[in-house]
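# Descriptive structure summary
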Amino acid sequence: SAGTVSLADDLTVNGNFTHTAGDFSTAGHAVEFEGYNTTIDAGSVTFDDVTIDTSGRTTIADELQIDGDLTVARASTVNGDQSRVAGNVTTADTSWGGSATIVLGGTADQSISGPGELSHLTIDKSAGTVSLADDLTVNGNFTHTAGDFSTAGHAVEFEGYNTTIDAGSVTF
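Notes on the structure follow. Quantities reported herein were computed from a predicted structural model and do not represent experimental measurements.

### Considering the side chain of K125
One can find K125 in strand β16 (residues 120-132). D109 is the oppositely charged side chain nearest to the buried, salt-bridge-free K125, at an N-O distance of 6.1 Å. Only 2.6 Å separates the side chain of K125 from the side chain of Q110, close enough to count as a polar contact. Discounting residues that sit within four places of it in the chain, K125 has contacts with L104, G105, G106, T107, A108, Q110, V130, A146 and G147.

See below:
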């Protein structure tokens, strides 16, 4: 039978999340992913606000689309595909590694805040500005494809092994 699964409240997923078929709507509610060695295979689902609070290895099996904000409470290693974020990013994890990339691509202004770090970061905006609300550590590749990026007077530290910094028109 056809239909849509719509969240009536915020959702915490303690373990793997797999969407293979059908309509799934977060309906303005937040989704928090928790667990150890988790896999997030969102398929065609677009999330509103997302929190990642995982340990061990987290795998993004298919591009993670986030129309709202992304909060990274804890995510020691995140591998796999990219997370495309249209809202703000807050990171509290100070030891994030892995191969997955966060792409800031919203059309409105966005901010990056928190005492934590990000692994791989791409700025690919058709409009609006990404601004830092705090100092930022990028523990991997940094790519500026399009859009404005402002440090707003905050420091950016690049760490990692065999990393690429493609700053485009960004001045640090």
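We are not done yet, so read on.
### Quick word on the nonpolar core
By size, the foremost hydrophobic cluster in this structure holds 36 residues, and its most contacted members are F47, L70, I102, L104 and L121. Broken down by secondary-structure element, the contributors of at least two residues to this core are β5 (31-36), β8 (50-60), β9 (64-66), β10 (70-80), β13 (101-104), β16, β17 (136-138) and β18 (142-150). Setting aside its immediate chain neighbours within four residues, L70 contacts V50, I52, V85, N88, V89, T90 and I102.

Rules used throughout
- Residues numbered from 1 in each chain as written.
- Predicted model: local features only at pLDDT ≥ 70, side-chain atom pairs only at ≥ 80, totals over all residues.
- Heavy atoms only, no water.
- Helix = DSSP H or I, 4+ residues; strand = E, 2+ residues; numbered from the N terminus.
- Buried < 20%, exposed > 50% of the residue type's maximum accessible area, 1.4 Å probe, protein only.
- Lys, Arg positive; Asp, Glu negative; His and termini not counted.
- Salt bridge = Lys/Arg side-chain N within 4 Å of Asp/Glu carboxyl O.
- Polar contact = N/O pair within 3.5 Å; in protein donor to acceptor, adjacent residues only side chain to side chain.
- Contact = heavy atoms within 4.5 Å.
- Core = buried A, V, L, I, M, F, W, Y, C linked by side-chain atoms within 4.5 Å.

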